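These are the residues of each chain, in order.
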Amino acid sequence: MDHYDAQDVARCDLCEIAIVQSYCDFCHVNLCKPCIGEHISDDYTKHIIVPFQQRRSTLIYPKCGTHPNENCKYQCEDCNIFLCTDCLIFKQHNKEHKLSKLDEIFSKKKDQIQKDKQEIKEQILPVYEDIALELENQISHIDVDYQKFTTQLSRHRKELHREIDNAMNQREKEIDKNKRKHLSILTKHLEEIKQLQSLMHKTLHSLYEIEESNEVTPTIHYSSKNQEFSKLPPKVIVSIPKFIPKPIEKEELCSLIGELTLLSTTLEERVFTAKEPNTSVRELLDQPEVLNTIKTRHVGLLTVTCLTEEEIWTSGLTADIKCFNTQGVLQKTTKTKSGDRPYDIAVYSGGALVYSDGRTSTVYKVKNDLTEGIIRLHGWVPTQLCVTSSGDLLVTMYSNDGTQSKVVSYSGSTVKQTIQFDDDGQPLYSGNNQIKYITENRNLDICVADWEVGAVVVVNQAGKLRFRYTGPPSSTKNKPFKPWGITTDSQSRILVSDSDNHCIHVLDVVGQFLRCIDNFNLECPYGLCVDDDDSLFVCEYHRGNVKRIRYLK
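Heads up: these notes are all about the structure in this document. Values in this document were obtained by computation on a predicted structure and should not be read as measured data.

### Some points on a negative patch on the surface
Stage number 1. On the surface, Glu77, Asp78, Glu309, Glu310, Asp532 and Asp533 cluster together into a patch of negative charge.
Stage number 2. If you trace the backbone, aspartate 532 turns up in the loop between strand E32 (525–530) and strand E33 (535–540).
Stage number 3. Here aspartate 532 falls in the exposed class, since its relative accessible area comes to 80%.

### Here we look at the nonpolar core
Stage number 1. Among the nonpolar cores identified, the biggest contains 31 residues, and Tyr437, Ile486, Ile494 and Tyr526 are the most heavily contacted of them.
Stage number 2. For this core, the secondary structure elements donating two or more residues are strand E12 (303–308), strand E25 (446–450), strand E26 (455–459), strand E27 (465–469), strand E28 (483–488), strand E29 (494–498), E32 and E33.
Stage number 3. Contacts of tyrosine 437, omitting those with residues within four sequence positions, involve Leu302, Thr303, Gln384, Cys447, Val448, Ala449, Trp484, Gly485, Ile486, Tyr526 and Gly527.
Stage number 4. If you look at the next biggest cluster of nonpolar residues, it comprises 30 residues, including Leu135, Met168, Leu190 and Ile210.

### With respect to the environment of lysine 464
Stage number 1. Mapped onto the elements of the fold, lysine 464 is located in the loop between E26 and E27.
Stage number 2. For the pair formed by lysine 464 and serine 535, sequence separation is 71 residues and the distance between their alpha carbons is 30 Å.
Stage number 3. Excluding its chain neighbours within four sequence positions, the residues that come into contact with lysine 464 are Asp423, Val458 and Val459.

### Considering the packing of aromatic side chains
Stage number 1. As enumerated under the stated definition, the model contains seven aromatic pairs in all.
Stage number 2. On the numbers, 6.4 Å between centres and 65 degrees between planes, the contact of tyrosine 23 with phenylalanine 52 is edge-to-face. One end of the pair, tyrosine 23, is in strand E1 (residues 22–24); the other, phenylalanine 52, is in the loop between strand E3 (49–51) and strand E4 (74–76), with 29 residues separating them in the sequence.
Stage number 3. Accessibility expressed as a relative area gives 1% for tyrosine 23, which makes it buried.
Stage number 4. Ring geometry for tyrosine 469 against phenylalanine 481: centres 5.3 Å apart, planes inclined by 75 degrees, an arrangement best described as edge-to-face. On the criterion of sequence distance, the pair formed by tyrosine 469 in strand E27 and phenylalanine 481 in the loop between E27 and E28 is long-range, its members being twelve residues apart.
Stage number 5. By relative accessible area, which is 3% here, tyrosine 469 ends up buried.

### Focus on the pairing of E26
Taken residue by residue, a regular strand's side chains alternate between the two faces of the sheet.
Stage number 1. Of all five residues that make up E26, five are buried, and the element is covered over most of its length.
Stage number 2. Of the two faces of E26, the one lined by Ala455, Val457 and Val459 and the one lined by Val456 and Val458 are each fully buried.
Stage number 3. Alignment of E25 against E26, held across five bridges, turns out to be antiparallel. Each bridged residue has a counterpart across the sheet, and for alanine 449 the counterpart in E26 is valine 456.
Stage number 4. In this structure, E26 lies alongside E27, joined through four bridges in antiparallel fashion. Across the sheet, residue valine 458 finds its bridge partner in E27, namely phenylalanine 467.
Stage number 5. Two successive antiparallel strands, E26 and E27, enclose a turn made up of five residues, where glycine 463 displays a positive phi of approximately 90 degrees.

### Here's the deal with unusual backbone geometry
Stage number 1. Phi angles above zero are rare outside glycine, and asparagine 80 is one such case at about 60 degrees.
Stage number 2. Position of asparagine 80 among the secondary structure elements: in the loop between E4 and strand E5 (81–83).
Stage number 3. Using a relative accessible area of 58% as the deciding quantity, one classes asparagine 80 as exposed.
Stage number 4. If you check the backbone angles, histidine 502 has positive phi at about 55 degrees while not being a glycine.
Stage number 5. Classification of histidine 502 by relative accessible area gives partly exposed; the value is 36%.

What counts as what
Per chain, residues are indexed from 1 in the order of the written sequence. Local features in a predicted model are, by the rule used here, given only for residues with pLDDT of at least 70; side-chain atom pairs are given and counted only at 80 or more, and totals for whole chains, interfaces and linings are based on all residues. With hydrogens and water set aside, each side-chain value is computed from the structure's full complement of heavy atoms. Patch definition: residues with relative accessible area over 30% and no salt bridge; like charges joined within 9 Å; nonpolar side chains (Val, Leu, Ile, Met, Phe, Trp, Tyr) joined within 5 Å. The Shrake-Rupley method, run with a 1.4 Å probe sphere, supplies the accessible areas, and residue values consider only the shown protein chains as cover. Definition used for salt bridges: Asp or Glu carboxyl oxygen within 4 Å of a side-chain nitrogen of Lys or Arg. All tallies of charge rest on Lys and Arg as positive and Asp and Glu as negative; His and the ends of each chain are not included. Lysine's charge is taken at NZ, arginine's at CZ, aspartate's at CG and glutamate's at CD. Secondary structure is summarised from DSSP: a helix means a run of H or I of at least four residues, a strand means a run of E of at least two, and numbering begins at the N terminus for each. When accessible area is computed with a 1.4 Å probe and restricted to protein chains, residues below 20% of their type maximum are described as buried, those above 50% as exposed, and intermediate ones as partly exposed. Grouping buried Ala, Val, Leu, Ile, Met, Phe, Trp, Tyr and Cys residues that are joined through side-chain atoms within 4.5 Å yields what is termed a nonpolar core. Should any heavy atoms of two residues lie within 4.5 Å, those residues are counted as being in contact. What counts as a ring pair is set by centres within 6.5 Å for rings of Phe, Tyr and Trp (its six-membered ring), and what kind of pair is set by the plane angle: stacked under 30 degrees, edge-to-face over 60, tilted for all other angles. Strand pairing requires that DSSP identify at least two bridges connecting the strands.

Take a look at the structure:
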């Protein structure tokens, strides 16, 4: 890597004497002026000589397989291949395919690499360091903890004297065996943690190298591992055995000495929390404004969810699931497998689309145009979906007879948690076949819009009821509060669509009403979502439009 302090003097890589003035951006070689001629003598056409201060500023594009003398500066998104200008001029590629400029992809990947490097270095790796320190502390204290048993056993030994020495020795062996097993469990877990730390250090090293590189191919092929690193390993909790002494008897001394409880090991799931959460505060605008309108042409527009500015997914009362960019240009369309409308849609951070199908009682995943069922229910119908910050999937569902509703959390296709009743055993949600929209707040609260009872029901991560919101303290609206769509923003505010009153309710994290967004011609709002910049996307059911609204300063 080319890092030079003020007192360093860069020398020519060829003569190793003269001060460098130039740099070959193709070979990555420092050059003085006299050595430039020697360096390019083999083939001057391939070398790129630039001033030393501009080193690594020239992108090295891949060579075209069809036109060897041309560089590829485009990528076909449909075929995932590189193309040169001759490929486009001579129409040797499908002109209907979408093209992207490699320099733009290169720039975006560089930004992602920088972001990933900072996230690993400043947030993820410190968490692993804390885990390793915790395990090291447990290991350092294990002798002290187990010495307590030896001391207790010795006191009991004095009471029993020589006739129970053999039995006492047997118990000492059991303690030692548990100690070794305990030590082995913690040491093994520490080794696993340190292996993950080592892998992250290697990844950081690779990211530094890619960040410094100006080679296009390895850069655009870079794939982030941060989601994988963010899934923390389970916490190992080893319960120390207990020595239980018994009264002294001359018969069956071994069994009467006492018992040592078995060493037990449990796994406690860790939830990744960044070390430095965003503490910036964004206030509400006095007058929210519509930034633009996306005309989806859906019949009965129900749901919107966004991943990036180029991926705004929408669905309605037909089998079509459409993807737009923020300018309203249709990017692609997919259809449900059954031909029925999807009850809801969501998108994983990696780009995979998921949708729920009431007809087949199945949640499907769509990746690279391939559709597979990942959750199949029996006796229940899946409705609304939410991808959580940890990558799990929340699913609201109702029973086939329409008498019960619940929220189930899935990791892949495995059930992690079911939320249905409060501490008194009463149902948290109304028992009917009405769709209940769901979202996760930044504090990991789970928020459900229950239309039937006119309430927003919020529980914490453990499924304990925090509060119910049934409308503002006073209202000038003509109709009762009936919530449909629900989402949250970076400030942990909760936004709920009140379709009958044609407005959006804004609540704080504890359920206090803040204001209504109704200062423009909003008609029958249903599904909601918020992007990374806190722009609000609102579905207008009858018009089939998605309005993009700025409501924060």
